[in-house]
Structures are given as structure tokens and as C-alpha cells.
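So you can see what is in the structure, the chains are spelled out below.
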Amino acid sequence: MKKIFYPLVALLLTTASCKNVLDIEDLNSVNEDKVWNDPNLVNAYLANLYTLFGNWNSGADNNSQQLAGINFPLNAVTVNNTAYKAWDYTTIRKINTAIQKVSASTGLNEASKKSILGQALFMRAYLYFNMVKYHGGVPYITQPQDLEDDDLKVPRNSTKECFDLIVKDLNEAMTYLPMTIGKGAADYGRIDGNFALAFKAKVLLYKASPQFNPSNPYGNTYWAEANTVNKMAYEQLKAQGYSLTADYYNIALVEKGPEVVFAVINSYPNKVATWDNGVRPGSESRGTASAVPTWDFVKEFPMKDGKLYMDPTGKYHKTDEQFLQSYWENRDPRFDKSIVWNGKIYEVSGKTGKRQYTSLGIADALDNFGENPKAGTTSSNRDRYTGFFILKNSKLSLRQTQVETQYDVDFVLMRFAEVILNYAETANETGDLATAMSLLKQIRMRAGIEPGIDNSYGITAGNKAEMREAILAERNIEFCFEGHRFWDLRRLRKLAILNNKTKQGVEAIAINSNGTDMDLKAAADLAKTYQLKENQFKYIVLQVPSTGNKINLVPDTYYFFPIAQSVIDKNPNIKQNKDWGGEFNPTLE
Amino acid sequence: MKKNYLFYSKARPLSLLGLSLLCSSPNLFASNLKSKQSYFHVEQEQISGNVKNEKGEPLAGATITVKGSSVQASTDANGSFSIRAKRGDFLVINYQGYTRQEVAVGSGAVNVTMMSNSEALEEVVIVGYGKQKKGNLTGAVAAVNSEQLKNISPSNLSNTLAGRAAGVNVTNTSGMAGASSSLRIRGAAVEPLYVIDGVVRDKAAFDALEANEVDQMSFLKDAGTAAVYGTRAGNGVVLVTTKKGTSQAPVFNVQSNYSFSSPTQTLLANLTTATDELTYQNRVSQFRWEQGKKTEPWVAPNGQREFDYFKDKNYNANDVIWRNPFSHRQSIAVNGGGDKITYYALLSYRKENGSYKSLDHEKFNLRSNISAKISDAFSMDFNISANQTNSNRFFWPFSTSSSDDDFDVSDFYRVTFNWPKMYPFYLTADGAPSNTPTAYPVQTPMGSWQAWNVIDQVIGDRYIDRKVRQVNPIMTLNLKLDKLVEGLSTKLVGSYVAEDYMRKRYMSFQKNYTFTSLNPDGNRFIPAPPSEDRTNVFTFSQAQPFMDYNPQRKWQYQVDWFLNYNRKFGKHTVDGLVVYEQFKSGNTNITSRAENPIIPLDQMYIYPTDRSMRSTDAFELMDARRGVIGRANYNYADKYIAEFSFRYDGSPLFPNDKRWGFFPSMSLGWRISDENFFSSIKNMVSDLKLRASYGSSGNFVDVEGYSILPYSYMEKYSSIITSRTGTRTPVPGYIFGDSYYTGITYLDNPTTNLTWTKSKSYNVGIDFGFVQNKLTGSLDGFIRKETDILGTRGIKVPDNYGRALAPENYAARSFRGGEVSFNWSDRIGEVSYGLNANMGYAKDRWDIFDEEPSYAVGGRENFRSKVGRPENRIIGLEASGLVRTQAEADALKEKGFKTYGRDPYPGMILYKDIRGQNYSDQPDGIIDDNDMQLLSENNTPRINYGFGFNASWKGFYVSALFQGVLAYDRVISNQEGAGMRQHGDTFRPYYPIWTSDVWTPENTDAKYPRPVGYNWQESGAASSTFWIRNGAYMRLRDLNISYTLPQAMMEKIKMKSVNIFLNGTNLFVFSPMKEFHDPEQKMYDSYPVMKTFTLGLDVKF
């Protein structure tokens, strides 16, 4: 009787003796312990964190007068919306996790620990600085909080504490980081001591700036501290071989140039950016140009002698009307290298001799701008275009099919020119006008501005206040479309420059040599073979956009943006900024 | 001793399989069989006879087998047969529905009267891990008779099921070739579990079945019956068994059918003409002028010149690329066998030409099911199925779903109607429009960079080619252990599924020629000759032209070991079952891609071997299950029935100590009609049974209907983030120096105490049969409660925590409803007929769900809350109609009335102002989101029904099935959301509705708002009562007419039967909402529903 059970029992044993069928390994992830004890895995973790430095953004200056667009309609920033909120604790936690786990790791050697900690600490300071820039003091959290054990309802650190902690993190980072990583090194693209120092100098410049010291904007003691570090940064970097790229046009386009302090490396096909797709005229791109320079900004470029066109002392002085009809002549060479205008030679996609037109009836419907009734149609770009396009940093060799997907110029996050101008500013504010002057001249010399008989490069500043304005104006041009302008104005409490302002573009209408309107068909035929030059047009200023909201409103409350109400709802110990209904003082006062 | 020996020899095959203890047992068998054959030495002779039923009617097709041999015969139309046998042989006579008889061969003719077997006649339905007589069911099971499906020729099995079973909601939202239907049991949120021949499979495997290889299909609706499937049964179970051989002379069955489909409504592309579009442009232009400064008089952009030009011109993409779908299917099956071996085999092929050129499907199915009775106690089944599906279509990267697999080119369908009809698709070299493709495809001047050439899109060389093949052998060994314990048997089932999937994509760039006006000052629609200076290359947003392969290799095995006990003790019947089940599956998925070919070609050798132009990705997945299933059924005289079942189920989805769950169920049945006090009315009420069941089961689905991802309970680091829909996104990495460094990061916060959704269901039902069972039916009511549904909690931790909280098992939802079904069958003279009807009602309700505090009862946004309400609701604005006149608009403007910040205009939709800012109760003269309200809780059909009839007279057979839904409100929607959008700006109507009965200054009585070319809420783009329609419909789902050639003729041509049939599906529909689209269609702009005619031939010989 029992024999029947043998095979059955054996069968059961066979099945049961197998490794438990439910014990399946996860084939798609690696466990935590392994990550933090393996230098390669930690490095991969760090590689992901590096993406916090961002990449090219063609709309970086949409919030200033440089580019078209009404970014600040009424109540653009409120406590309830998400505009201008910097609260990236998700990345902070990732950084803090790295710092905590790497410090405790037993599988990593000291050298790699230091290298990782140096980079992570810098990243933490970098992120917190951005948050402080937006909102003033924030909770400065330095370890991954535990849901159960930690008090999550932490209050904001004061703005002063935050600056101190940022500097502390940067100082510590600098002790771990190599001072220089060569442009050809395998680690090129990583944070080095030079970048950390230059960044620390920038942090201290902000700390001293009027944004944080409204009642004592230029007499506060932070300027001296800032100047010391800015001087150090300038001198150290110079000694390390940093210099201004000879040709302004090449700063980013010729990669790994001498001016690059920190760059985010792009390389097709592994990593690409979208600059060209955002700035090129539609007919040469795969979408509307989302960032176009305004007429207002075009006017702000100096003439070739470094002076504005309306400056009666200038060699190239013009009346407004004269200037409008010949704005492209005798300009600061940076103008030619940054802007495309109607009729300008624009040899994109390998098209030799190509001129770019924006004139309605002549230009491609995807590029045109204007209202010329003779064209029999209105431009569909009246609300978004200005008659100008960005040339700066555009990789002209890309074909139309590649614009969207193959732009891979390294994104220059910080360049030596900024180190110079930051230093110029602290030098000026601490009374060293001569240093400020010489630094400013360096910038203008490289730009290609005529030195003039007095070798002043058109700089007329004779005192601290004038120099302050000169430096600000220089930053506006030198760093155009790089995303500095709005933040500079805010830092210096000059948002009034943007407030209540509209924006303008310029329509081009083809004319005969006698000044009468050219027959549009004839003009279009000439344009087909690029025979129509910029001086064969007359120019008319048009407001942009033509419909809807046309005014930017940038009130003084924007010197510090509010903390999102949703943040406070979840953590009532976070106090709102003073100007936004709370009691927190985001300044250093 | 002898007994023991017998046992041993019969048990051996089991040991063969389980333990590979190979020894000499096969010889033992052979000698046994041989010795039996040598007992008799009598001469064989031709024996004739006749088979009748108890009413004296001849039974045609009864099988007669000589016992112990494979000699077989069957009866003809007169019930006569003739067979070679010897005196003393026993003839075994089988006929379905009658008790098997054995008759000894004597001297004369063998005349047999078969007794109908009420038990055998009674339907047996398949249930989890077994079968059950329908009369003894105690839970809610709906069975579908596969005979009803065989003449329909759908590409997917699920498409045939609408209206066939109460409480099973089947929605076929697209008529696209290869599109499947969604199947929901009792209002569940997700698809049920599919079990084919006892093996858990996926929906695709279910859809791949051919209707005529299906033997039986059951829907397990309550946990009383479904709990045996444990953690996966919470949304119901669909069970399918495939056909097996029967003991009869071989019957070959050849089926051949041809289907022709066409849209149930006019295609949107055919509703408008170029002239309509010119009119549209004028109307929008006029509106825009009115809105402007009006300094200069309005001039229509299109005048008589343009209208005259388009009198005979209309460029419709469908003229070139549309084709009405056609499919055909050929199959051959054979079914037969002797006493010991029976077999069923099927081979079928189907080919489908989809609705656009370059859209084709092909399917091959093979099944072979062999059963062998090796000894009285031991038998085995070997069931193998294989199928392959080939799909080929044009490359289309803009599907609304990201997967290239679902053949959802609904977004492409939009292109066919929203494409302007004013511009030719092709030009000749001299600029003449061409209706057929030329070397100069035109880029329509739409002011858009995405303006490819729509025709080239379809007929160009780009493609997505997919082949899926599956092989599924199932081997079953049955051993009766009556010698050990009477009524005991055991069974071992092993199955393996091997699946191969291969997708190849090939994409080339498209060069086209920008449309340029010959004379921009004149009629701008006259094209200039194409110019090489004005070309555009459309890249599909890809960096390079490419090709890629995506092979996937999937496998799964399942082993079930059954121990059955079934015994009658007088009136007591005891049925017991224990099953051990083990399952494991794996998948290897590879993608291999090459870019930038030297010339456009779809073979990799022509692509650069430069590594930056080649890439690959791969991943593997594993899953497993283990479970013990038990069932005990006690039955007293078929009167009192009690059943208890359970599953102890383990899944690796959950943390080690929480893997196992116990899912019990209980049910009771009481057949009142068998009680003595019922005997007096037995003639009227032939059958009446009460049933009640309770059971618990589970599912792995979270609050949004997504499956819980594996290892959600662990802290994980990876370089790939897998979304809940299975999309894999690389974690961004970074470049240092010249090298790209992969990034890794930690994934979602783990749910450390993760568990499954618990589901408890209660069901009560009545089964009845009236008038001698001519009218049968059942009535069910149910409540199902789901708890512990995984979802994100509403508790908010401070953002400075820096990580999203892990979801928790907290939410609860319940489902309530009931079903009723009736069946009437009778005979009037020579006509036998049947009527059937079923109806199901189900409504879900969220019981616990974390929401914003303002959503709470009494809160200002309570109308948005889902707590206490079903998932599918309509929230929107209440419309009071159109603003008909300028005066009306002016009066509103006077009052400062604004709609989302905009001034009123004539022809807009006027919404009711019910609240003010911050949802205050004071209307503020402004229409915005504050005026939203809950408009309907029935945004899903609550009632599904089906009814049909069939009648047969002589060789003619007619059946019809009507199917429909009730209690269904829907908002006319576009793929972007509720309401009708005006996407076309000044250029094109986009949706044909904007050229129909729209408001214009001349047509103030219009049905629809004014065309303004803006997506405004008041121009139509909002969820509102303006677009709500009653979604109820009743459609003739299926009409089947067939004719079977008379028996007399069959004998002449030596055939068993020849049947010709004509089948129509979706022939017509009654619905209050045909205004915009077919009532079953998903959205206004989604792919239309098709009606299909099938002509077929079914021959048996």
C-alpha cells in the first residue's frame, strides 16, 4: 500500500527542495550598501547630481529687456503660484545622502572620499545659494532627514546664517578639491578649486549687494570681505592661466577656451542642448524662435567707440531717427557677434552668402515680422518676433534637420569675464576705482572697442557711482542672453528699470534708392539671391506683442520672492517673507 | 498482494514524470494490452443497427464503437449504422445528452433506444480548478457558449463578447485593425485575470485565441468562485478551455470566411470640402476683425475667385490612403478518436487589411489536443497551441499612447480630417496638382514645422513591423486512486509558454517641397512649380534616420498538482480538492538601434559601425507565484449545497514576511424546487435555487489602476527609472572629459509594509427554471469591498524632507450591483427558437480616499470630491445656451460679464455664474473655474444589457444579438479633453463640426458655437452641459443567418454537413447621441467604429 506514496513524496521533496521559487532577485536595481562602497557606483550617483548645473537655455534672459516677451504680467509671482520659487530639497537630499553615506563608507579610500565630498559640498552650497538668492534665508539642512527621528518642521535659517553656511561648505569643499582640472584632463567638467573660489567670490558679491543690504547698500562691511575674495579669485585664476578668449564670438563656440571657468560638457549624441532650436529663425530651424532680442536692447549696445549712439560726445553720435535707419553701422563688435538683423549676412546651414530677412512680404512666413499693408497679409509672428534674432552661441554649421537634436556646444556656466567684472565691482565699491577701470578696459579691449585717443575705450566714469553704472552696463552687453541681466538688476535693487516697461521690435520695408517703397515682388526676387542689403529698407518701430498684455510689472516686492504657500502649509515653522505677508526678514539687516 | 501490484503498475507513469525514475514499465503495459486482445477468436461480420431516442426519433451522428478496439461508426440521418464486429463484442453507443449504452452483439440488428440523461443534458460550466454542473453552482458564474462565437470573425476574441454575459462589460472603442476591446467584470476598474486551460495568461493570449478553438468560457464574477485565484482574482476571472477530441469517427471541419468592414458613420474627413474651409477662414477672419480696432473695413480673405477655383477641387487624404478593411480567415480542424485516444487539431490563418494602406495583420493558429486513456485509471492529455501574429504598419511616432504596440494610430486618424483640403499633396514638376504620388510631395503651408506630407507618411518606406509567436504545451496526467481510497484521484498539470516578440522599426526622413503660391497677390492657392530652394526635411524629431530591433523573449511555466476526492454516499455527495501550484516567468527584452544609414535602407549593414551611431539596451524581468488551493463541496441530494474554498497565495511582490495571504470563500445553495412542498407546482416552477456566497480575494492594482511595481518595498538604486506604465527612462548622466558617465540615483521611497488590495465580495442569487425549464434564468445581487488599496496619502510632510512619501495601502472602494438573465427556448411545429436576455448594473464608490481638505463634505470644493462617489464623474460648467445676438452680447458686456477674463461675443456659449472667487456662494458676474460643478456621476455606463433570439427551421438558422448600455452620460470630447476645441486658428476648421451648423451673423439659430479659431472655454473647449449627451445606445451587435444543406444531399456528396452563413456585426444602432460619432466611439476624433459583414462556409466531412 505504501509504495504509492514514495513517488509522491519524492515529487513533493523535489519541488520543496528547490530554492524557494518566490526568492527572485531584482534584476533592475542595485542595493544601497553596494552603491556606497563602490567608487564607480558613487561616481555614477555623482554624475547624476551634476545635472543640477543645467544646460543652455535660450530663454535665460526672457525676464529682462534683452528678449521679447511679457514675463511679468500683473501678479506674475504670488505665494500660490509656482513662478520664481527655488525650493529644490529633492536634490539637497540626494546631496546630503551622498555626504552622509560617503563619510560613513568603509569601502571607499580616503582620496575618493575627499574628492566626492568636495564636489558634493560645493553642490550643496551652489543650490542653497540659489535658494537664498530667490528667497533669503532657508532651512539649511545638512543631512538626509529621517521621517520618524528628525523634526521635519524646521524653521528658516537667517539669511546671514545661510551665507555663513554656504561659505563654510565652499571652504570645506576647497580643501578637498584639486585646485585646477586641466582642459584636456579626463576629469574636465568637474568642479575644481578655481571654480569653487570664483563661485565663493560671487556669493560674497551677492552678500554685499544692495538686495541684501537695502538700508546700507554700498557702505556695508561685506564689500571689503567680498573684495578680498574676489581679488584672490581673480589673481589665482589669472595665475592658473585663465584669460579672456581673444575673439568674443568664440568664447563658447571654440570649446575648452581659456576663459571657461566651469562648463557643462555637451557631446552629440550622448548629451545635447537646445540653444539653436530656440534662437534660429523658423525657416532655418524646427520651430518658432522662442528667444528674440528686442529693439530696446539693440539700442543699448555701445557704438564702436564704446559710447552710446545718443551720446553727443561720441564719434558715432546719431539722432534717434538716423540711428533707427542705420542701427547696424559702427557698433560695438559684440553687436555683430550677438545679433541677426534684417538683411544681415547669416551663413547658416552652410548657405554661403545667405542674408536673413525679416521683412514682411520678403522673408519666409516663418521669419517675418511687421504689418506692411502692401504685403496683403499680416505676419503671424507679430506677438512674438521683433525683426531680430540671436546669433550668439549659435552653431551655424548645423543643418535644419540637426538643429533640434544635435546642438552640442559646451555650456559655459561661468567664465573668466565674470570673475573680472565681479572683481571690478567689489574693487570699485571698496574705493579702488583704478582697478575697476583697468578691469573694465580689459573687457572692452577684448570686445574690440576702439581705445580712443585717451585710451579710455569710451569709459567716462570718474567716480564710484558712475563706475557702478558703467560696470552694470558692461555686464548687460558682455553677458547678453546668458541669463545675468535680471538677477543683476535685482541684486542692485534696480528692478525699476524693468518695471512698467513695454518691448519693441523693428519692421523692415524694402525701399528703392529714392526712398519710395520697392515693389514687393521685385524685392522678394532680389532677396531670393540675397541681393537686398540692410540699407535698402526703411525701419519702423512696432510694439511687441501687438495684442494682449504689453507691460511688464516688476514691483519692489520681487527683490525677494515669496516662499510658496504650499511649503508653509506643510511646515508652519517656515515664516513668510516680510513683503509677502510674513515676518521673516530676508535681508542681512 | 495482487491489489498492491496493480496499483504500483498504474502509479508508475506519474513517477516517470515527477522523478525520472525511468525503468521497464512501458513493457509491462505493452504485454498487458497484447494479452487482452487474444481472448476471442470469433469471425468478424458486418453488424447493422439503429439508434433512436426515447420518443422514437432517430438520432443522427451517434457514435458506435466496438469496445476495446478503435473500430468506429456513426449513425446517419435515419439513425442507422453499420459496423464490423464479432459476436460477443460489446458496442458502445455515445450521444451527447444521453446516457452511454453498451450492447452485446447478437445475431440480429442492434436496435438501441437512448435515454436522455437529464444530468448529462444539464450544462457543465468550468470553474476555477474544475468543472461544476450549472445546477449545482453556488457562486456567480456566467458562461458563454462558444457556438455563438464561431461565425463571427473578429481579429480579437474579446471583440465578440459584448452583450453575451450579464455583468460583463465589453467596450470596443476602436474599429482599428487589431484593436482589442476592454473587458470589465462588475464595474471593476481594470481587466480581469485570464486563465486558459488552467494556466494564467495575459490578455494578449486570450485575444490570440480563435473563436472556434474555444470550448467553454466562464466569467467568475464573485469572490465565492474567484477566491481560488487569490491575490489576482479581485477583478474577476475569465476562464477558457479549448476543444478536445471526442470519441468518434474523424470529423473534419473546414471554415472559410470573408469579412468586409466600413465605418458606422461618415468619416470625418469626408464631411468637409475645400470650399467649407474657405468659408471657415472667412468667418474667423470676420470675427477677428470685429474684435480688433475696425479702423479699416473687413475684407474677406477668400473671395469669389477662390471659391470658383475650388468648385472642382478638394484634396482629401483619404482619397489616396483610406481603404475599407477587409479580412479573411481559413481554418481546418479535425476531431475524432477511439476509446483510448481522442484528438482535436486546428490550423487557421487569418489576414486583415487595415483601414489605411500599409496597415496589415496576419495570424496563424495551431492547436493539437490529444487525450490518451492509457489504462482504466490512468489517462493523459497533451494540449499544444502555437500562434503567430504579424503586424505591419507605417511608421507613426505620435501615437497618443507611447507604445508602438497598441496599433493606436488615432492621432493619425485626426490628421486625415484636420489636414487642409485646399492644398494638393503632390505636384508635377511644372506645378500642376497631382492626385497620385509624384516626386514632389508638398509641404502644406500651415505655419508649422511639423507639416509633413501626410500621404507619404502612409505610403512611404518607413514602417513598424511586429511579429509575435507563442507556443504553449500543456501536459496533464490523470490518475484515479479508487483502489487506494474510492473517489480519490490525482492529476499533474505542467505547462510552458514560450513567447517570441520581434519588432522592427525603420524610419527615414521625409523630404518635401514647400507650397509656394504662383502668384501671391492673386489666388494664393495656385501652386508654383516645386523648387529645390524651398524644401523641408521632416525628421519626426529624430536626430538621425534609424532602424531598430526590439526582440523580447518571454517564458513561463506553471505546475499544478491536484488531489481530488469525489464520492457519493447515498444522497450525500462529497467533493474535495487540494492543489499545489507553482509558477515562474521571465522576460528578456533587447533594443538594438542603428542611425544615419549611408543610403536609406532597412538593413544594418548599410549603417555606420561608428559606435556613436549604434546603441543598445536590454533588461530582464522575473516573476513567480506559489499557492495551495483547496475546495470542499458537500451536496445533499442536489438539494443542499455547501462549499468552502481557499487559496494560500504567495507572491514575491511583497516583502519576505508579508508574501503570503489566505483567501477563503464560502457559499451555500438551496434548491427549493426539490423540496416536497414544491412538488405541487413542479410543472410550473421546474427549478428554483437560492445561492449565497462570500469570499475574499485580492489584486495588485493601486488607486489609479496601475499594477504595483516589483520590489516597491526595497530601497533601490538604478540608472533606469521604470514608470508605472512600464516606460523606462534613463537617469540622466553627465560628461567628464570625453566620456559619458551613467547616472544612478535612488528610486521611489519604498513602501516597507507593502501589501495587496483586499477584496471582499458578497453575492446572493436565484437560479430558476419555469415551465419545464423552457424559461430559465438567474438573478444576482452583489457588494464588493476593496480595502488597502495602494495610494499616496494626503498627509503632507514638509518639502525639506526632500522625498515623496512612499504610497501606503489605505484607500477603500466598493462596488455594488446586480445582474439578471433569462433564457427561453421552445419549439413551434418545426421551428425551434430561443430568446435570451441579460442585464447588469454596477456602480463603484470611493469610500476612503485622501483629498484636499476643501473637498470634504461641506467644503468649498466638495463637488470635486470622489469620496462617496464613483470614479468616473463629469465635472464642468453648466451652459445655458448660445449668446444669439449682438444685443445680448452687448448687454452682458455692459454688466462687465467675463468668461475666463474675456468679453462676451455673439455666438459664444453662455455659462451659468453660480459662484464667486474662492468658491464663495455669491455669483460675481465672472465665469471661471469657481463656477464648476458636479454634472453627472454616470460617466461610465452603469447598465449593460444584451438580448437576442435564435430560430431554426429545417436547415435555416437565424440569430441576432442586440447589445446596449443605459444610465450613461458623456461629454463630447477631443483627445485633449472634454468639449470641442477650435485648434485651427485662422487657417483650418480642424474639426468638421466647425463648418457645420455653427453660429454666424446670418445663422443665429445655430446648434453650435461660432468659429473663432481660439481654444476658449466659451468657444467650446470646456467640459460643460453644452456637450453632455445621453450615451445610451442599443445596437444590433450581431446578426447571423445560416443555412445547412439538407442531409439527403449530404449523403450524395459524402459530407457530414455544409453550412453557409452570413454574419453582420454593428449593423445599426439606436442612440440619442449619433450626432457627433458612433455612441461606442471613445471621442469625437478617435478612430471610428466599424460594421462588418462576413460571408462564410463551414463544411464538416
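Small disclaimer: the values here were computed from a predicted structure and weren't measured.

1. Regarding the sheet that holds strand 1 (residues 44-53) of chain B
All names here are of chain B.
Working step 1: Spatially, 3 strands are ordered 4-1-7 in an open sheet, and the strand pairing comes out mixed. Looking at strand neighbours, the two that pair on one side only are strand 4 (80-86) and strand 7 (110-114), the edges of this open sheet. Taken pair by pair, the neighbouring strands of this sheet meet at an average axis angle of 35°, ignoring direction.

2. Some words on the interface of chain A and chain B
Working step 1: Contact with chain A, which involves 81 residues of that partner, is made by 76 residues of chain B.
Working step 2: For the pair chain A and chain B, the summed buried area comes to about 6,700 Å², and 63% of that belongs to carbon and sulfur atoms.
Working step 3: Broken down residue by residue, the surface that chain A buries against chain B is led by V21, L22 and I24 of chain A, which jointly contribute 11%.
Working step 4: At the boundary of chain A with chain B, the tally comes to 4 salt bridges.
Working step 5: The partner of K570 of chain A in a salt bridge is D799 of chain B, with the nearest N and O atoms 3.4 Å apart.
Working step 6: Where chain A packs against chain B, one counts 24 residue pairs in polar contact (both at pLDDT 80 or more).
Working step 7: The leading source of residues in the side of chain A that touches chain B is helix 1 (residues 5-17) of chain A, at 8 residues.
Working step 8: Looking at the side of chain A that touches chain B, its residues break down into 38 nonpolar, 25 polar and 18 charged.
Working step 9: Looking at chain direction, strand 1 (residues 30-31) of chain A and strand 35 (residues 716-718) of chain B are connected through 2 bridges and run antiparallel. Following the sheet pairing, V30 of chain A is matched in strand 35 of chain B by Y717 of chain B.

3. A few points about the nonpolar core
Working step 1: Core analysis: the largest hydrophobic core is formed by 175 residues, its most contacted members being F53, F122 and Y327 of chain A.
Working step 2: Filtering out sequence-adjacent residues up to four positions away, Y327 of chain A remains in contact with W295, V298, F335, W341, N342, F388 and Y539 of chain A.
Working step 3: Core analysis: the next-biggest nonpolar cluster, separate from the first, contains 84 residues, F863, M908, I972 and V998 of chain B among them.

4. As for the environment of M380 of chain B
Residue and element names in this part refer to chain B.
Working step 1: Within the secondary structure, M380 sits in strand 21 (residues 378-394).
Working step 2: A C-alpha to C-alpha distance of 26 Å links M380 and D202, two positions 178 residues apart in sequence.
Working step 3: Apart from the residues lying within four places of it in its own chain, the contact partners of M380 are I370, S371, A372, I374, M475, T476 and L477.

5. A few points about helix 6 (residues 159-176) of chain A
All names here are of chain A.
Working step 1: For helix 6, spanning 18 residues, the distance from its first C-alpha to its last is 26 Å, which sits close to the expected 26 Å at 1.5 Å a residue.
Working step 2: Restricting attention to buried positions, one finds in helix 6 the residues T159, C162, F163, I166, V167, D169, L170 and A173. Along the axis of helix 6, the buried positions cluster into a sector of 160°, meaning they face one direction only.
Working step 3: Packing partners of the buried residues in helix 6 comprise helix 5 (110-135) and helix 7 (193-208).

6. Observations regarding the packing of aromatic side chains
Residue and element names in this part refer to chain A.
Working step 1: Using the criterion set out here, one finds 120 aromatic pairs over all chains in the structure.
Working step 2: Between Y242 and F416, the ring centres sit 6.4 Å apart and the planes meet at 35°, which makes this aromatic pair tilted. Of this pair, Y242 sits in the loop between helix 8 (222-239) and helix 9 (250-253) while F416 is found in helix 14 (residues 416-429), placing the two residues 174 residues apart along the sequence.
Working step 3: On the basis of relative accessibility, which here comes to 2%, the residue F416 falls in the buried class.

7. A few points about helix 15 (residues 433-447) of chain A
Residues and elements named next belong to chain A.
Working step 1: In this model helix 15 runs 21 Å from its N-terminal to its C-terminal C-alpha over 15 residues, within 8% of the 21 Å that 1.5 Å per residue would give.
Working step 2: T435, A436, M437, L439, L440, I443, R444, R446 and A447 are the residues of helix 15 that are buried.
Working step 3: Where the residues of helix 15 are buried, they touch helix 8, helix 9, helix 13 (333-338), strand 7 (411-415), helix 14 and helix 16 (464-478).
Working step 4: With its phi angle positive at about 100°, G448 sits one or two positions after the end of helix 15.

8. Some words on a nonpolar patch on the surface
Working step 1: Taken together, Y258, F260, I1041, L1062, F1093 and L1095 of chain B make up a surface patch of nonpolar side chains, about 540 Å² in accessible area.
Working step 2: Examined against the element boundaries, Y258 of chain B turns out to sit in strand 17 (residues 251-263).

9. Description of the environment of Y506 of chain B
Residue and element names in this part refer to chain B.
Working step 1: Following the sequence through the fold, Y506 ends up in strand 26 (residues 488-507).
Working step 2: Overall, the relative accessible area of 2% leaves Y506 in the buried class.
Working step 3: Sequence separation of Y506 and D602 is 96 residues, and the distance between their C-alpha atoms is 6.0 Å.
Working step 4: Engagement of the side chain of Y506 in a polar contact is seen with the side chain of D461, the distance being 3.4 Å.
Working step 5: A polar side-chain atom of Y506 sits 3.0 Å from the main-chain amide nitrogen of L601.

10. Brief notes about the confidence of the model for chain B
Residue and element names in this part refer to chain B.
Working step 1: Looking at chain B, pLDDT values average 87 and 93% of them are 70 or higher.
Working step 2: Long-range and interchain partners of residues 1-40, a stretch whose pLDDT sits below 50, account for 40 contacts in this model, where long-range means more than four residues apart.
Working step 3: The complex model carries a pTM of 0.86, and its ipTM stands at 0.94.

Basis of the calculations
Residues numbered from 1 in each chain as written. Chains lettered and ligands numbered in written order. Predicted model: local features only at pLDDT ≥ 70, side-chain atom pairs only at ≥ 80, totals over all residues. Heavy atoms only, no water. Pairing = 2+ DSSP bridges. Helix = DSSP H or I, 4+ residues; strand = E, 2+ residues; numbered from the N terminus. Axes fitted to C-alpha atoms, helices over the stretch in contact; angles between N-to-C directions. Contact = heavy atoms within 4.5 Å. Buried area = accessible area lost by both parts, 1.4 Å probe. Salt bridge = Lys/Arg side-chain N within 4 Å of Asp/Glu carboxyl O. Polar contact = N/O pair within 3.5 Å; in protein donor to acceptor, adjacent residues only side chain to side chain. Nonpolar A, V, L, I, M, F, W, Y, C, P; charged D, E, K, R; others polar. Core = buried A, V, L, I, M, F, W, Y, C linked by side-chain atoms within 4.5 Å. Buried < 20%, exposed > 50% of the residue type's maximum accessible area, 1.4 Å probe, protein only. Expected span 1.5 Å × (residues − 1). Arc of directions from axis to C-beta. Phe/Tyr/Trp six-rings, centres within 6.5 Å; stacked < 30°, edge-to-face > 60°. Patch = residues over 30% accessible without salt bridge, like charges linked within 9 Å, V, L, I, M, F, W, Y side chains within 5 Å. Areas by Shrake-Rupley, 256 points an atom, 1.4 Å probe, with all protein chains shown as cover. pLDDT = per-residue confidence, 0-100.

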